[in-house]
Amino acid sequence: MKVSYRWLATFFPAGAFDDLPAEELGRRLTAQGLAVDDVRPAFPTFEGVVLGRVIEAGPHPNADRLTLCSVEAGDGARQVVCGAPNVEVGAIYGYATVGSRLPGDRQIRRAKIRGVESLGMLCSAPELGLDALGGAEGIWPIAGARESDLGRDLRDVLGLDDAILEIDVTSNRGDALSHLGIARELQWIVGSDLSLPVVELEERGEPASARADVEIEDAEGCPRYFGRIIERIVVGTSPAWLQTRLVAVGQRPVSDVVDVTNHAMLELGQPLHPFDFERIAGGRIVVRRAKEGERFVTLDGRERALEPDITMICDSEKPVAVGGVMGGLDSEVGPGTTTVFLESAHFDPTRISRAVRRLGLPSEASTRFARGVDPELPELALDRAAAMIAALTGGTVAPGRVGDDRRAGSGRSRIELRSTRYEALIGVPVAPAEARAALEALGFGVEGGEGTLTVSVPSWRFDVCREADVIEEVARLEGYEIVPAIPLPTPPVAPAIEARPRFLERLSEAARASGFDEACTPSFVGQDALGKGSPIDNLVEIRNPISKADRFLRPFIATTLARAIGHNRKRGAERVKLFEIGHAFAVQGGEVVETERIGLAASGARFPAHWSRPDPEEYDFWDLKGDVEDVLAIVAGLSPRFLTGVRPWLHPGRQAEVEGPGGEAMGVCGEVHPAVAREWGIDERLFVAELDLSGLGTPADRGRVAEWSREPAVERDLALVVPTGDAAAGILAAVQEAGLEDLARVRVFDRYAGPQVPAGHYSLGLRLTFEADRTLTDEEVDEQVKRLLDRLREERNYEIR
Amino acid sequence: MTESLRERLEQLRREVERELETANGPARVEEIRVRTLGKKGALTAEAKAIGALPPAERPEAGELVNAIKDALEAAIAAREADLAGSELSRRLEAEALDVTLPARRRGQGTRHPLSIVTADLLDVFRRMGFSVASGPEVETPWHNFEALNIPAGHPAREEMDTIYLAGRDLLLRTHTSPVQIRVMESREPPVRVVCPGRVFRSDTPDASHSPYFHQIEGLWVEEGISLAHLKWALVEFVHQFFGPDVDTRFRPSYFPFTEPSGELDMQCLLCRGGGCRTCKGTGWLELLGCGMVHPAVLEAVGWDSERYTGFAWGMGVERVAMLKYGVPDIRMFFENDVRFLRQFEGR
C-alpha cells in the first residue's frame, strides 16, 4: 500500500514529524512490523514554478500559432509567449518564472520568441512531470486555485513535496490499510496522540429518514449499514490538491464524488459507495442474500451470475450493488446526478472473500472488507465524506443518517497479559509501565499493574484474540532488536544422521557415479504423460491447474525426466543421463497414493565424446539394466530380478519389470516406445527406469563374509542350443538348480542365433567356474558337467552345440 | 708355447671386442658368440687344444683360456643388454603420447544446485541439534491449514493460492509447515526437526515465481524456549552458512501459525548493505519467516501450550540458491539444461 508522508502528518500536531524524515519513518515502521519496501519522492522535482493568472491574451505579431499573454503572479503583470492552443483569459496556470528549473534539468531563461520578449513559460502537466494530474493537451489549468494563491509556489499549493512509503501490510492488519491505520502505529514513534479529521457537517432540508430507509435481512453478510443523502450537487472534477493526494498514492481521479469516497477510504480505511439516489426505487435499501440464479450487471458493464452467499444491496425493486464488492451500472453516479445516496457499511470478511473468489472481482474496497474493516468506522467515514462532497459539489447534506445496525454485541474483548508469560515467550522481561505505554499508544485500554495487565482490544484490532497476540504487540513496539540471543539448550544426545536422509544421499551418489546428472523436474503432466490416448483413470487430477494442459500429477518421474532429456538433445547434447529423486502419484483403489521414487533417463552416447572414438557407441538396454543393478547394488546390496514387461508406453520387446529378491515389485526399466518418445519430441532411442524407494532404506543384511578357495579354479565353456522362447534367466536358474557341488559361478559369454543353430533356437554360451578347497581334477569337473548336461537334456531337451 | 697361446688369445679377445662394438643388433652378437664360444668356436677350439699340451703346461693354459672366456662372455652379455636397452627405448619413444590431448572421462553425474543447498542447510541445522523429517506433498486441509491456525476464510488462506486435487478434499501443500504437525502428532515433546521438501502455489511462472518450489522448515519445541533462542539459532545459521560478517536484521511480521512472528533479513550479499538492484536499494535481503509457535498450533496437536513453547521458521531453498550461485531466474532450476547442471560439478 502506498502511503503519503504529508497525509500522515495531517493526523499529528504541526512539527511532530520534524525529526522524522520519510526514510527514518520508514525504518521505524519496518522495525515495528509494517515493512516499508520503498520510500521515494511522490512527484518529480522542479523549482521556481508559481501560480499565475492570464489577465490578457492576444495574437503574437509575428506568428499565427503563438499567443501573447499577460500573466499576473502576485507582483505585477509579465509578458509571456505561449504556444499552446488552449490559453484562457482568467484561468490560473503553473507559471515557470525566469530562472526556474523543470524536470529533465530544463532551465527557463528570459527569451525572445519570434522577436517578442517572453518572461518565463506557462506549463503543461507533462512539462512538470505531472502527467497523471493534468491532460497531455496544452497548458494545464490548476483546478480550484484561488486569487490568494497567485505567486505561491505550485509545489506548496498542490502539496507536491511529499514522499511515498510503499508498505507491505501483512494479511492480519486490515486496520493498517489506511493513513489513519498507519498514523495509529506512528503514535508510539512520534510520541504524541493523533487527532481524527474534523468533520464540518452542515445538515439542511428535509431529514433523510423522510425519503429513505434501510433494512438488513442478511445480518451475517452485512451487520451494519448506514447512508446519507447529499442533494443539489453538481458533479465535477476535484480540486487540484485532492487530485494530487490521490495521484500521489496511485489512485486515478475520476470525479469529485468518486474521488471523495476514495479519499475517505484511503484516509480512514472505510470503503464507501455512492449511488445516484434517483435510481434507488422507493428510496429503500434492502440488504439481502442473492437469490439462486439471480443475475446482475456490475459497474464494468458485465453481467454476473450470483449465488446465495453473496450479499446484495437492493432497492425496493431490484439489486443495485454487490455488497462490498462493486456497484451496479444502473445506479452509478454520473455527470447528471443531482442527489447522491452515500453508503457506508460493514461487511463480513469471509463472505466478501468468497464473493470475490466467485465473481473474480478484486477491488480496493473488497480487498479491505476481505481483510476486515473496523466495524465502528462506518459513521465517521460517512459523515466525513458527506461533508466533503457537499463542500466540493455545492450540495447540501440532508439531516440525519439512515441505517440499520444488526451487530450482535459490540463489547471489546478483554485479554489478560501475564508478565511471566511475556518473559517466557520473549526471553526478556518488560516493565508493566512500559507494556502499558506501548499498548495504549496502539489504542488498547489497559488496567491492572503488577504481574497481570487486563487489556481491552480496540474495535479495529480484530486480529488480537489471545495473550500471545498482546505479547507480540508489546514486543514489536519494544523492538526485536533488544531481544537477546540465547544459545539453544544442547540436546542430551546429538542426533545421528537419520537413516532415510542418509539412504537418499547414498542413492544420489550411486546414480551420479553411474553418470547421471541430478535433475529437478515439474510435478505436473498432461493426460498424455504416458503417451497419447493412454488411460487417465490412475492419474491424480488437479482441480485448479496452472495450465489446463498439465492438470495431472506425474505418475512417473521418468516421464518428466524424459522431457528434460528431449530439451537437452534438441539443443545438441550428445549424451544425456538424468536422474531425480522425488515423489510420484497415482490413484489406486480410489485413493491417492504418493510414493518416493528415483527416476533415471538416458539417451545418446554411452560415454562422453572422445577423439579416440569418432563414432561413439550408443547407450542401450544393457547399459540401462546395468545402471539399475549398479545403483541397487551400491545403495542396498540388492540383486533385483528382471521380468518381461508389458507397459504400453515402453518398447514391447525392450522393457522389464524390476522385482526385489523376494519378488516384491520395485519398478520398471526399458526403452520408451518410439511413438511415445516422438510425442515427447525425442527421435532418438530413449531409456528410462523408475524404482519405488518405499521398500528400501537400509543396506541388505548379508551376514558374515564367506571364505574363498585358495586352490586354482577350473573353467568349462558350454554352448547350449535352446528354443528362442526360453529366457536366459530361466536357463541360468536351471544350471544353479542342478546343484553341482563345486560350481562357484556361471557367466554368459556368448549368445548366437543364425545358420549354425537350428531354426527357432539360439545358442547360449556359458562359462562355468569350479572351485573347491582341494585341487580339482579334470575327471571330477567333467563328471559334474556331464551330470548338468544330462539333466538339461532330460528336463529341457537342450543340446550341446 | 704358453706365450704364443697368450698372444693368440689376446688377439682373439681384441678382435671379438672390436666386432662387438660394431655389432648393430642382437643377431650379429649371437653370430659372434657362436663363432667364438660355440661348439665350433675359436675359443672352444683353443680349449680343446689344451689336452694336447704337455701336462706341465696344461694348468696355466687352462687358466688363460678360462679367463678369456669369462671376459668374452661378459663383453657379449654387456653388448646384448646394451642393444636390448636401446630397442626398448626405441619402442617407448614410438609409444609417446601428446598428454595435452583431452582425457577419456567416465562422466560422473553432478548434483542439482537445490540438492547441494538443501544438504548444506541441513548440515548447519543438524549441528545445532535438529534432525531431519519429511512428509507428503499431497496434504489434507487439516495439516496444511486448520492445524496451523488458518481456518477457512482466513485471509492468509486466500493469499496462499492453493492447488487442490479434483474431486477430493486434498491439496498440494503450500508450505512445509504441515510436516511440523505430522511430527508433533507422532511424537512427544521435545521435538527438534528440520523438514525439507517441495511445495506448491498456484503462481504463474516468471523469473521469481514457480508453481512448485522447495522450502526448509524448522521446529524446536520444548519447555523454556523463547524468542531469544530463536534469535540465536537463526543468526547463528546465517553466520555459519553465509559467513560470520554478514549482518542480520530481525523485524516483526505475521504468520498465522506463529505469535509473535518475525522475519529475518540479512545484509545483501552483493552490495554488502550499500543498496543495489538485488536488494532493491535497501541493503537487506528477506531471508526467512519465523516466530514462536502459536499456542493454537500446539493445542491442535493436543500439546499443553502453557507448558511447552517453541519456535519455527521456514525459508525458500531456491531463494538461497539464487543468492548463493547468482542464478537470475528461478525457472533455470527446473529447465534441467545440462549446460546449467554441469556447472555444479564439485560444488
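None of these values were measured; they are calculated from a predicted model. (Residues numbered from 1 in each chain as written. Chains lettered and ligands numbered in written order. Predicted model: local features only at pLDDT ≥ 70, side-chain atom pairs only at ≥ 80, totals over all residues.)

*Asks:* Give a detailed account of the overall build of chain B, specifying residues and quantitative values.
*Replies:* Looking only at helices and strands, one finds 13 helices and 10 strands in chain B. The globule rule puts the C-alpha radius of gyration for 347 residues at 20 Å, and the 43 Å found for chain B is more than 25% above it. With respect to the three principal axes, the spread of C-alpha positions in chain B is 130 × 50 × 40 Å. Considering chain B as a whole, with its 347 residues, one finds that 43% of them fall into the buried category. (Helix = DSSP H or I, 4+ residues; strand = E, 2+ residues; numbered from the N terminus. Rg over C-alpha atoms; globule rule 2.2 N^0.38 Å. Buried ≥ 20, exposed ≤ 12 C-beta atoms within 10 Å, placed from the backbone.)

*Asks:* Got a sec to walk through the overall build of chain A? Specific residues and values, please.
*Replies:* The helix and strand inventory of chain A stands at 18 helices and 39 strands. The C-alpha atoms of chain A give 41 Å as radius of gyration, which overshoots the globular expectation for 801 residues (28 Å, by more than 25%). Considered along the principal axes of its C-alpha atoms, chain A spans approximately 130 × 80 × 60 Å. Expressed as a percentage of the 801 residues in chain A, the buried residues total 43%. Across chain A, the fraction of contacts at a sequence separation of at least 24, relative to all contacts at a separation of at least 6, is 69%. (Contact = placed C-beta atoms within 7 Å.)

*Asks:* Describe the pairing of strand E31 (residues 591–604) of chain A, and please don't skip the residues or the numbers.
*Replies:* Residue and element names in this part refer to chain A. The pairing of strand E30 (residues 575–588) with E31 spans 14 bridges and is antiparallel. Looking across to E31, one finds that Ala-584 is bridged to Thr-595. Between E30 and the antiparallel strand that follows it, E31, lie 2 residues; Gly-589 among them carries a positive phi value of about 60°. Sheet topology places E31 next to strand E35 (residues 687–692); 6 bridges connect them, and they run antiparallel. Among the inter-strand pairings, Ala-602 is bridged to a residue of E35, identified as Phe-687. (Pairing = 2+ DSSP bridges.)

*Asks:* Provide a residue-level description of the domain arrangement of chain B, including the pertinent values.
*Replies:* For chain B, the domain assignment lists domain 1 (2–94) and domain 2 (113–344). Computed from C-alpha atoms alone, the centre-to-centre distance between domain 1 of chain B and domain 2 of chain B is 91 Å. (Domains from an automatic or database assignment.)

*Asks:* Quick rundown of the sheet that holds strand E36 (residues 714–723) of chain A? Include the residues and the values.
*Replies:* Residue and element names in this part refer to chain A. Spatially, 4 strands are ordered E37-E38-E36-E39 in an open sheet, and the strand pairing comes out antiparallel. For this open sheet the edge positions go to strand E37 (743–752) and strand E39 (799–800), each flanked by a neighbour on one side alone. Docked against the sheet, helix H18 (residues 778–796) engages E36, E37, strand E38 (761–770) and E39, running at close to 10° with respect to E36. (Axes fitted to C-alpha atoms, helices over the stretch in contact; angles between N-to-C directions.)

*Asks:* Go over unusual backbone geometry, please, and point to the residues and values.
*Replies:* For residues other than glycine, phi is negative in most cases, and the peptide bonds are mostly trans. The peptide bond linking Pro189(B) to Pro190(B) adopts the cis configuration, its omega dihedral lying at 0°. In this structure, Pro190(B) sits in the loop between helix H8 (177–186) and strand E5 (191–200). With an omega dihedral of -5°, the bond running from Glu259(B) to Pro260(B) counts as a cis peptide bond. With respect to the helices and strands, the residue Pro260(B) is situated in strand E8 (residues 258–267). Here Arg114(A), not a glycine, exhibits a phi torsion of approximately 50°, which is positive. In this structure, Arg114(A) sits in the loop between strand E8 (111–113) and strand E9 (116–118).

*Asks:* Now, about the sheet that holds E8(B): what can you tell me, with residues and values included?
*Replies:* Residues and elements named next belong to chain B. Taken in spatial order, the 7 strands line up as E1-E5-E6-E10-E9-E8-E7 in an open sheet, and their pairing is mixed. Here the strands that pair on one side only, and so sit at the sheet edges, are strand E1 (131–132) and strand E7 (248–255). By the bridge criterion, 7 bridges tie E7 to E8 in an arrangement that is antiparallel. The residue of E8 that forms the bridge with Arg-251 is Glu-263.

*Asks:* Summarise the interface of chain B and chain A; cite the residues concerned and give the values.
*Replies:* Between chain B and chain A, the contact holds 68 residues from the first and 76 residues from the second. The leading source of residues in the side of chain B that touches chain A is helix H9 (residues 227–242) of chain B, at 7 residues. Taken together, the residues of the side of chain B that touches chain A sort by class into 32 nonpolar, 18 polar and 18 charged. (Nonpolar A, V, L, I, M, F, W, Y, C, P; charged D, E, K, R; others polar.)

*Asks:* Residues and numbers for helix H9 (residues 378–393) of chain A, please.
*Replies:* End to end, H9(A) covers 22 Å across 16 residues, agreeing with the expected 22 Å (1.5 Å per residue, within 8%). With respect to burial, H9(A) is a largely interior element, 13 of its 16 residues being buried. (Expected span 1.5 Å × (residues − 1).)

*Asks:* Tell me about the confidence of the model for chain B, and name the residues and values.
*Replies:* Detailed reading of the predicted coordinates is not advisable wherever pLDDT falls low. Residue and element names in this part refer to chain B. With 100% of its residues at a pLDDT of 70 or more, chain B has an overall mean of 91. Averaged pLDDT values over the elements of chain B bottom out at 73 in helix H7 (residues 155–159) and peak at 98 in strand E2 (residues 138–139). Model confidence for the complex: the whole-complex pTM is 0.85, and ipTM, which rates the interface, is 0.86. (pLDDT = per-residue confidence, 0-100.)

*Asks:* Got a sec to walk through the nonpolar core? Specific residues and values, please.
*Replies:* With 154 residues, the main nonpolar core has Leu561(A), Ala601(A) and Val688(A) as its most contacted residues. Counting residues per element, this core draws most heavily on strand E9 (residues 284–293) of chain B, which supplies 7 residues. Discounting chain neighbours no more than four positions away, the residues touching Val688(A) are Ala558(A), Leu561(A), Ala562(A), Leu600(A), Ala601(A), Gly670(A) and Val672(A). If you look at the next biggest cluster of nonpolar residues, it comprises 129 residues, including Val80(A), Ala176(A), Leu272(A) and Val325(A). (Core = buried A, V, L, I, M, F, W, Y, C linked by C-beta atoms within 7 Å.)

*Asks:* Now, about helix H7 (residues 349–359) of chain A: what can you tell me, with residues and values included?
*Replies:* Turning to H7(A), its buried residues are Pro349(A), Arg351(A), Ile352(A), Ser353(A), Ala355(A), Val356(A) and Leu359(A). Where H7(A) is buried, its residues touch strand E17 (303–305), strand E18 (311–314), strand E19 (319–322) and helix H8 (364–371) of chain A together with H7 of chain B. A positive phi of about 60° marks Gly360(A), the residue just after H7(A).

*Asks:* If you had to explain the packing of helix H2 (residues 26–37) of chain B against helix H4 (residues 58–94) of chain B to someone new, which residues and values would you point to?
*Replies:* Residues and elements named next belong to chain B. Contact geometry of H2 with H4 gives a least axis separation of 10 Å together with a crossing angle of 170°. Considered as vectors, H2 and H4 are oriented roughly antiparallel to each other. Together, Pro-26, Val-29, Ile-32, Arg-33, Thr-36 and Leu-37 of H2 and Lys-69, Leu-72, Glu-73, Ile-76, Arg-79, Glu-80 and Leu-83 of H4 make up the contact between the two elements. Here the contact of H2 with H4 is built from residues that sort into 7 nonpolar, 1 polar and 5 charged. (Parallel < 35°, antiparallel > 145°, perpendicular 65-115°, else oblique.)

*Asks:* Which residues make up the environment of Glu185(A), and what values do they have?
*Replies:* All names here are of chain A. One can find Glu-185 in helix H4 (residues 179–190). On the basis of neighbour counts, which here come to 25 C-beta atoms within 10 Å, the residue Glu-185 falls in the buried class. When the C-alpha atoms of Glu-185 and Ala-753 are compared, they prove to be 87 Å apart, with 568 residues separating the residues in sequence. Contact partners of Glu-185, with chain neighbours within four places excluded, come to Leu-29, Gln-32, Leu-34 and Ala-176.

*Asks:* An account of the packing of helix H1 (residues 2–22) of chain B against H4(B) is needed here, citing residue identities and associated values.
*Replies:* Residues and elements named next belong to chain B. Between H1 and H4, whose axes approach to 10 Å, the crossing angle comes to 5°. Here H1 lies roughly parallel to H4, going by the angle between them. From H1, Thr-2, Leu-5, Arg-6, Leu-9, Leu-12, Arg-13, Val-16, Glu-17 and Leu-20 reach across to H4, where they touch Glu-60, Ala-61, Leu-64, Val-65, Ile-68, Ala-71, Leu-72, Ala-75, Ile-76 and Arg-79. By residue class, the composition of the contact of H1 with H4 is 13 nonpolar, 1 polar and 5 charged.

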